[in-house]
Amino acid sequence: MNPNRASHSRITFGDASHLVLGGTYIAYRAAGSGPLTVLVPALQENSLVFAFQLRNSEKLGRVVAFDHVGSGESDRPSIQYRPVDYVRYGVRFLDKLVQEPARICAHRDASGLAVALALLRPEKVTTLVLVNPELLGRSPAGGIASSFRTIEQARLASNNTRIGQYLSGLRISLDARLRFWRIARAARGRNEALRYSSLRNYLALPGTKTIGIRMRTHVANWSEWTSRLSDVSVPVRVVVGQRVRSKCAFSLRIIKNEVHRSEIVEIEGTGWYPMIEAPERFEASVWGTIPNEGSFRPGAKG
């Protein structure tokens, strides 16, 4: 058995399909027919956070959600997990699977990847929807994120000594627990549709901690894409949970100032995972009509 191949024994929701991209298996889930929307989970998360939207695809059109390289049911190759790696696999995924212009909906720290896809494959993107965006490489760290960055700096200063590796491992473990806690809280009362125990199992899969350490070492390099928002030629819609809007304020301000045409939709009473907490309102916010979708071009801000 390939040690870098994700185990499927713990999956409790749906069956994933796979694409082979450069010898690496990338898992995805697809449902429905009609206009295409590609759902991009946060880095180190997986397609199951969009379980409700996959189940409601009859109303939403064709919906495709994929697992990033190193996450979910996708392979875990021994690479550095730099932004260029995520972008390379994202572009290959679009090239191989997407044959028509699609809406790209990205969650949290995958916003930089969505921007990269819009810039590198503009003919395949009609609209960007950024959900609770975190513009890696630009957003200042705060709260727990600030503590994590301090730990990462200690690791780098230790030149990969055992104590440095331990500190980084501690940070990734805390981050994984925090993500699971937020997902579990969002899914409370919805167990029949989303078995979030499988999400916890995802976070515990072998290699997750090592991948997280490598990914966070290169976070600043996402500025290569997040600094080019003004070059995006398609409309951008930002969907933000009302309870976490203040935590996304820095990214929202950047998007408002730099994107030629953008709009912000707030979902009342939701936090980091509005697609789970309030799926109907989330779907209305993402799939609702966007004026001149697919026809915006750089010009005067509107």
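Predicted model, so just to flag it, every value in this text is computed and none were measured. (Residues numbered from 1 in each chain as written. Predicted model: local features only at pLDDT ≥ 70, side-chain atom pairs only at ≥ 80, totals over all residues. Heavy atoms only, no water.)

Novice: Got a minute to help me understand the overall build of the protein in this structure?
Specialist: Tallying secondary structure elements over the protein gives 12 helices and 8 strands in all. Counting contacts in the protein only where the partners sit at least 6 residues apart, residues at least 24 apart contribute 78% of the total. Split by element, the accessible area of the protein, about 13,200 Å² in all, is 49% carbon and sulfur. (Helix = DSSP H or I, 4+ residues; strand = E, 2+ residues; numbered from the N terminus. Contact = heavy atoms within 4.5 Å. Areas by Shrake-Rupley, 256 points an atom, 1.4 Å probe, with all protein chains shown as cover.)

Novice: Just checking my understanding: could you explain the packing of helix α3 (residues 83–97) against helix α4 (residues 111–120) for this structure?
Specialist: When two helices pack together, their arrangement is given by the angle between their axes and by how far apart the axes lie. One can describe the packing of α3 onto α4 by two numbers: an axis separation of 10 Å at closest approach and a directional angle of 55 degrees. Judged on the interaxial angle alone, α4 and α3 are oblique. Crossing geometry of α3 relative to α4 is assigned as right-handed. Each of Tyr86, Val87, Gly90, Val91 and Leu94 in α3 lies in contact with α4, whose residues at this interface are Leu113, Ala116, Leu117 and Leu120. (Axes fitted to C-alpha atoms, helices over the stretch in contact; angles between N-to-C directions. Parallel < 35°, antiparallel > 145°, perpendicular 65-115°, else oblique. Left-handed = near helix turned anticlockwise from the far one by under 90°.)

Novice: It is not clear to me how unusual backbone geometry should be interpreted in this structure. Could you clarify?
Specialist: Backbone geometry at Gln44 places phi at a positive 75 degrees, although glycine is not the residue there. Residue position: Gln44 is located in the loop between β3 (36–40) and α1 (51–55). Positioned with a positive phi, Tyr81 is a non-glycine residue whose angle comes to about 60 degrees. In this structure, Tyr81 sits in the loop between β4 (62–66) and α3.

Novice: It is not clear to me how α4 should be interpreted in this structure. Could you clarify?
Specialist: Most of α4 sits out of view: 9 of its 10 residues are buried. By the burial criterion, the buried members of α4 are Ser111, Gly112, Leu113, Ala114, Val115, Ala116, Leu117, Ala118 and Leu119. Here the buried face of α4 lies against β3, β4, α3, β5 (102–107), β6 (125–131) and α9 (223–226). (Buried < 20%, exposed > 50% of the residue type's maximum accessible area, 1.4 Å probe, protein only.)

Novice: Looking at this model, I keep getting lost on the side chain of Arg237. Mind explaining?
Specialist: Tracing the backbone through its elements, the reader meets Arg237 in strand β7 (residues 236–241). A distance of 2.6 Å separates a polar side-chain atom of Arg237 from the backbone oxygen of Ser285. (Polar contact = N/O pair within 3.5 Å; in protein donor to acceptor, adjacent residues only side chain to side chain.)

Novice: So what exactly am I meant to see when it comes to the pattern of salt bridges here?
Specialist: Should their charged atoms come close, side chains of opposite charge can pair. Per the stated rule, a full pass over the model turns up 11 salt bridges. With a shortest N-O distance of 3.2 Å, Asp85 and Arg88 are connected by a salt bridge. Here Asp85 pairs with Arg88, and both are found in helix α3, just 3 residues apart, close to one helical turn. The class of Arg88 is partly exposed, set by a relative accessible area of 29%. Among the ionic pairs, Arg121 bridges to Asp95, the shortest N-O distance being 2.8 Å. Taken together, the positions of Arg121 in the loop between α4 and β6 and Asp95 in helix α3 put the pair 26 residues apart, joining distant regions of the chain. A relative accessible area of 33% means that Asp95 is categorised as partly exposed. Among the charged side chains, a salt-bridge network with shared partners connects Arg82, Asp85 and Arg88. (Salt bridge = Lys/Arg side-chain N within 4 Å of Asp/Glu carboxyl O.)

Novice: Any chance you could explain the confidence of the model for the protein here in plain terms?
Specialist: Mean pLDDT for the protein: 78, with 67% of residues reaching 70 or above. Below pLDDT 50 for its whole length, residues 141–148 participates in 6 contacts with residues either more than four positions away or in separate chains. Below a pLDDT of 50 lies the segment residues 292–302, which in the model reaches 26 contacts outside its immediate sequence neighbourhood of four places, other chains included. (pLDDT = per-residue confidence, 0-100.)

Novice: Before we go on, may I ask you to explain the packing of aromatic side chains in this structure?
Specialist: Evaluation of the coordinates by the stated rule reveals 4 aromatic pairs. Seen in terms of ring centroids, Tyr81 and Tyr86 are 6.2 Å apart; in terms of plane orientation they differ by 55 degrees. Their pairing is tilted. Accessibility assignment for this pair places Tyr81 and Tyr86 in one class, buried. Centre to centre, the rings of Tyr86 and Trp222 are 6.3 Å apart; their planes meet at 40 degrees, and the pair counts as tilted. Of the two residues, Tyr86 is situated in helix α3 and Trp222 in the loop between α8 (208–217) and α9; the sequence distance between them amounts to 136 residues. Exposure class is identical for Tyr86 and Trp222. Each is buried. Taking the ring centre of Tyr89 as reference, the NZ or CZ of Arg92 above it sits at 5.7 Å. Positioned over the ring face of Trp272 is Arg108, at 4.2 Å from the centre of the ring. (Phe/Tyr/Trp six-rings, centres within 6.5 Å; stacked < 30°, edge-to-face > 60°. Lys NZ or Arg CZ within 6 Å of the ring centre and 35° of its normal.)

Novice: I'm lost on the sheet that holds strand β1 (residues 17–21) in this one. Help?
Specialist: Whenever strands of a sheet pair, they do so through backbone hydrogen bonds, lying parallel or antiparallel. Pairing is mixed in the open sheet, where 8 strands are placed in the order β1-β2-β4-β3-β5-β6-β7-β8. Each edge of the open sheet is held by one strand with a lone partner, namely β1 and β8 (262–267). Taking each pair of neighbouring strands and ignoring which way they run, the sheet shows an average axis angle of 25 degrees. Bridge analysis of β6 against β7 gives 4 bridges, and the strand direction is parallel. Residue Leu128 lies in a different strand from β7, and its bridge partner there is Val236. Packed onto the sheet, α3 meets β1, β2 (24–31), β3, β4 and β5 and runs at close to 110 degrees relative to β1. (Pairing = 2+ DSSP bridges.)

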